[in-house]
Amino acid sequence: MEVAVGEHPKHKFSQDQFNRVVQELRQLIKLPRVGAVGEIGLDHSVPREQWAQQSVMLEKILQLVEPGHVLVLHLEIPTSVTSAFSQLYFGFTSMAAKFNNQQSQAARGINPERVFLETDAPYFARFGTSYSGPHRIQHFLVFCYIKMNPESLLATSVQNARRLYRRL
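Residues numbered from 1 in each chain as written. Predicted model: local features only at pLDDT ≥ 70, side-chain atom pairs only at ≥ 80, totals over all residues. Heavy atoms only, no water.

Draft legend 1. Up close: the sheet that holds strand β2 (residues 34–41). Pairing within the open sheet is parallel, and its three strands lie in the order β1-β2-β3. The open sheet has two free edges, formed respectively by β1 (3–5) and β3 (70–74), since each of these has just one partner strand. Across the sheet, the mean angle from the axis of one strand to that of its neighbour is 25°, orientation sign disregarded. Sheet analysis places β1 next to β2, joined by three bridges and oriented parallel. Each bridged residue has a counterpart across the sheet, and for Ala-4 the counterpart in β2 is Ala-36. (Pairing = 2+ DSSP bridges. Helix = DSSP H or I, 4+ residues; strand = E, 2+ residues; numbered from the N terminus. Axes fitted to C-alpha atoms, helices over the stretch in contact; angles between N-to-C directions.)

Structure representation (structure tokens):
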């Protein structure tokens, strides 16, 4: 079994905490069972004064990633940029149901063969439930944006996970 290590960009740190987190990640990333680094990145849903710390954290963590690791990024990037990354995949949670028009349009431009569906985050509960899980996959309105039927999208998501993580 392999694990992912990282620090979600929404977390805010004092300078001492920040240094400690980077040091801990430096040690963890070297462990043989660490197959992925993430979720790391930029989240601009927090106050603007936190953005600089997010950028510095991302830069420091990216320097620690080794060639064999899967990198799990939390970013808002234009689809015009994504063509430069041949192994880029996109993960969606049930929060896709809240996409605004611009986000919906961006999702429509994503290659369906590069999609993951994330169902393991309990805090992404939707539709009057208190939790999320794989059995709630029918509520992923990403089907409306990606030009695939639900069965094909589910199969592609599993295939992508197996390809990317190689051990599933």
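Draft legend 2. Molecular detail of the side chain of Asp-43. Mapped onto the elements of the fold, Asp-43 is located in the loop between β2 and α2 (51–62). Here Asp-43 is buried and forms no salt bridge, its nearest opposite-charge partner Lys-10 lying at an N-O distance of 4.3 Å. Apart from residues lying up to four places away in sequence, Asp-43 is in contact with His-8, Pro-9, Lys-10, Trp-51, Gln-54 and His-74. (Buried < 20%, exposed > 50% of the residue type's maximum accessible area, 1.4 Å probe, protein only. Lys, Arg positive; Asp, Glu negative; His and termini not counted. Salt bridge = Lys/Arg side-chain N within 4 Å of Asp/Glu carboxyl O. Contact = heavy atoms within 4.5 Å.)

Draft legend 3. Focus on the pairing of β3. Strand direction decides the pairing type here: β2 and β3, joined by five bridges, are parallel. Bridge pairing in β3 links Ile-40 to Leu-73.

Draft legend 4. Summary view of the environment of Ile-61. Tracing the chain through its elements places Ile-61 in helix α2. Separated by 54 residues in sequence, Ile-61 and Glu-7 have C-alpha atoms that sit 8.9 Å apart. Beyond its immediate stretch of four places on either side in the chain, Ile-61 contacts Glu-7, Leu-25, Val-37 and Ile-40.

Draft legend 5. Quick peek at the environment of Ile-29. Following the sequence through the fold, Ile-29 ends up in helix α1 (residues 15–29). Spatially, the C-alpha atoms of Ile-29 and Val-65 are 7.3 Å apart, while their sequence positions differ by 36 residues.

Draft legend 6. Quick peek at α2. Relative to the 16 Å expected for 12 residues at 1.5 Å per residue, α2 spans 16 Å between its end C-alpha atoms, a close match to the ideal helical length. Within the span of α2, buried status applies to Gln-54, Met-57, Leu-58 and Ile-61. Down the axis of α2, the buried set is contained in an arc of 100°. They therefore lie on one face. Looking at the buried residues of α2, the elements they touch are α1, β2 and β3. (Expected span 1.5 Å × (residues − 1). Arc of directions from axis to C-beta.)

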